[in-house]
Structure formats: C-alpha cells, structure tokens
Amino acid sequence: MNSLHLYQIAIIFIAAVMIFQGAMNFVRGKNNQTILKLLIRIIVWGGMAVVAIYPDLTNTVAELIGMQGNINAVILTGFILVFLMIFKLLSAIERLEQQMTELTRKDALGEMKNEK
Amino acid sequence: MAKEMKTYVVVPAYNEEKVIRSVVLEIQNAGYRDIIVVDDGGTDGTRAAAEKAGATALRHRINRGKGAATKTGIEAAKLLGADIIVTMDGDGQHNPGDIAKLIEPIKTGRIDVVLGTRLKNPLGMPWYKIWQNKIGNIITWYLFGLYVTDSQSGFRAYSRRAAELINTHSDRYEYDSEVIREIHLRKLKYREIPIEVRYTQYSMGKIQKQGFVNGMKTVYKMIWGLIS
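Notes on the structure follow. (Residues numbered from 1 in each chain as written. Chains lettered and ligands numbered in written order. Predicted model: local features only at pLDDT ≥ 70, side-chain atom pairs only at ≥ 80, totals over all residues. Heavy atoms only, no water.)

## Quick word on the interface of chain B and chain A
Chain B puts 33 residues into the contact, and the matching count from chain A is 25 residues. Roughly 2600 Å² of surface becomes buried between chain B and chain A when both sides are summed, with 55% attributable to carbon and sulfur atoms. The interface formed by chain B and chain A holds 4 salt bridges in total. One salt bridge in this structure joins E97(A) and R64(B), with 2.9 Å as the shortest N-O distance. Our enumeration of links across chain B and chain A arrives at 7 residue pairs in polar contact (both at pLDDT 80 or more). For the side of chain B that touches chain A, the secondary-structure elements that each account for two or more residues are α2 (46-52), β3 (56-60), α3 (66-79), α7 (175-185) and α9 (212-227) of chain B. Its residues assigned to classes, the side of chain B that touches chain A shows 12 nonpolar, 7 polar and 14 charged. (Contact = heavy atoms within 4.5 Å. Buried area = accessible area lost by both parts, 1.4 Å probe. Salt bridge = Lys/Arg side-chain N within 4 Å of Asp/Glu carboxyl O. Polar contact = N/O pair within 3.5 Å; in protein donor to acceptor, adjacent residues only side chain to side chain. Helix = DSSP H or I, 4+ residues; strand = E, 2+ residues; numbered from the N terminus. Nonpolar A, V, L, I, M, F, W, Y, C, P; charged D, E, K, R; others polar.)

So, in structure tokens, the structure goes:
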C-alpha cells in the first residue's frame, strides 16, 4: 500500500469518529441506539473507510459502471463531503425537533399540574 | 377484594372541534370518566370543547404530530396514576364500546399491550386503506422485526408497566410502528383484538389528508431513525 493521501486520512478519521460515537451511544444505551442501528452505521461508515484505504477497490466498481479518469475521484470526494454535510444537518434537525417536542410536552404537562 | 384498576383514555386531537365533544361523551357513556384530550397545537377550539365535555384537556403550543400528542397524553395519564392507558383517535372513527374488549387481557394481568386491529375484520374499510396497511405492516416487520396485522392502528391499550417501559422518539405517524418495535425490543406480551372502525365522511376526509405522500414521509422517517 502506498502512503495515504490527506483525503484518505480525513475520511478514515471521520468514519472512525462516527463509528466510535455510534458504539458509545450503544454502550450507554443512549438515544435508543439498537444493535441494528449500530450495524448499519458500521456498514455505511466502515464501507467509506475501506474505500478510502483501498481506493483500487473502486476500479472494480468503476469498471462495472463504466467510469474512467481521475476527475471522478474529485467528484466522488465532493459527493462524500456533501453526503456528510447532509447527514450532519439532518441529524441536527432531528435532534432539534425532538428537543422542541420535549419542551412542548413539558409545557403542556406543567400547565396541567398547575391547574390541579 | 382487588383494587379497581384506574383506566385513562388518551385522545390526541388536531383541529377536531366539530367532533371532539361527541367523542368524549361517547367514551363517558361507555363507562370511562378519566379522559385526557391532547390538543396538538390546533387552530380551532378543540381544547375548550373537550374541557366543556368533561375531559382533562392539555394543549401543545405548537403542532408536534399525532405521535408526540399521544405520548404527552400517556405521560399525563401516568402522572395522574393510571393503571391502564387506552389511546384512540380524536376523529370519532374508533368505537368506545371496544375499550372493554381491549383492556380485559390487561386486567387479568397476562398481557402488557393490546393492539386494536382493523384488518382482522376489515368490513367497510376501503380497499386502498387495506393495502396501505398491509404495506405498512411489511415495512414495520422488515425494519422493526415484528409482524402484526395492523401496525398503523391508534386504538391500543397499555398496562402501567408497558407505558413505563415503552420509549418512543417519533413525533408523527411513524409513532405507531415505533411502538411495535418497542414491544419487540422490550419483550412485552401483546395481543391483537379486532376493533370496529367507523368510516364517516368526516373521518374519511382526515384519512385522505394522510395519503400517499405522508405515507412515504413515514417510511423515510422510520428508515432515518434506524441510520441516524
């Protein structure tokens, strides 16, 4: 294996953080993290890390879908970054939605307690 | 003599001013006085109408969805000391006469959750609703590991123990499927009991609003819940 490029290190790092976070959530039983959720996380982010470490694997895929040229790697990196941003954004929105619901619930229940 | 079990009926409601009074009165006529109506941030007088009819009325300041409203109602019932909690829709499609059937297996102490099912006796149910439900059941089974005949029914009964154990995060219609997942995960004992559904012009109007697009949103939310 040749020396790693910066983008490979970045992807490996991000994937490791995401898998670590999922594993910690599972161990702590946080956020209702199930084994299925953890497995899906490991497959998605682990798959990205494997491709980053062994980029030659993509040649097989590229041959299969008929892609050629280095520019594809750049486009792929862009896709991965966009995917990452969307993933984080959707996670943040979901978290905010849940917090909003919790607040709304506390408010409604608080009102009921005050009336009793 | 064994202590009488306290049953609370939780009714999530969004803009149901026209029918909520009759829904509450019907539940009272069926013999249940402890009723909690959760007005889910509606723009009409649902809360006032429910209160006037004799229910304990709670209000979400903003609309958070049927799942969130149901959970708020269940939390309120727990605070008020409920032993059994029944949930039913606020549009009048469920028959309160079925509550006795639903709570009976919990009273005997053998069952934790009773699921009212429309599909064991789908008389009068539109064909597309039957298929919509079957697809929902298959998706729920595939994602959450438990096959039930009506994963989208809102007419259910929970023992106090089940209400304490079930931990949901979904706000909208995916809530009903999430409960199925919790039954499976927490190894709760459940039973499905056929219920009657009254498809009136009013309730059908509501169902139309929960059509294909909302169905797809529900599936997306269920998948997102698994990967996020």
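## A closer look at the side chain of S170(B)
All names here are of chain B. Position of S170 relative to the elements: it lies in the loop between α6 (160-165) and α7. Judged by relative accessible area, which is 15%, S170 ranks as buried. One polar contact links S170 to E178, side chain to side chain, over a distance of 2.5 Å. When neighbours within four sequence positions are excluded, S170 is seen to be in contact with G67, A68, Y175 and E178. (Buried < 20%, exposed > 50% of the residue type's maximum accessible area, 1.4 Å probe, protein only.)

## Some details on the sheet that holds β3(B)
All names here are of chain B. Ordered in space as β3-β2-β1-β4-β6-β5-β7, the 7 strands form an open sheet in which the pairing is mixed. Every interior strand has two partners, whereas the edge strands, β3 and β7 (190-194), have only one. The sheet shows a mean angle of 20° between the axes of neighbouring strands, direction not considered. Pairing of strand β5 (residues 113-117) with strand β6 (residues 156-159), which is carried by 3 bridges, proceeds in the antiparallel orientation. Counted as the bridge partner of V114 is A157 from β6. (Pairing = 2+ DSSP bridges. Axes fitted to C-alpha atoms, helices over the stretch in contact; angles between N-to-C directions.)

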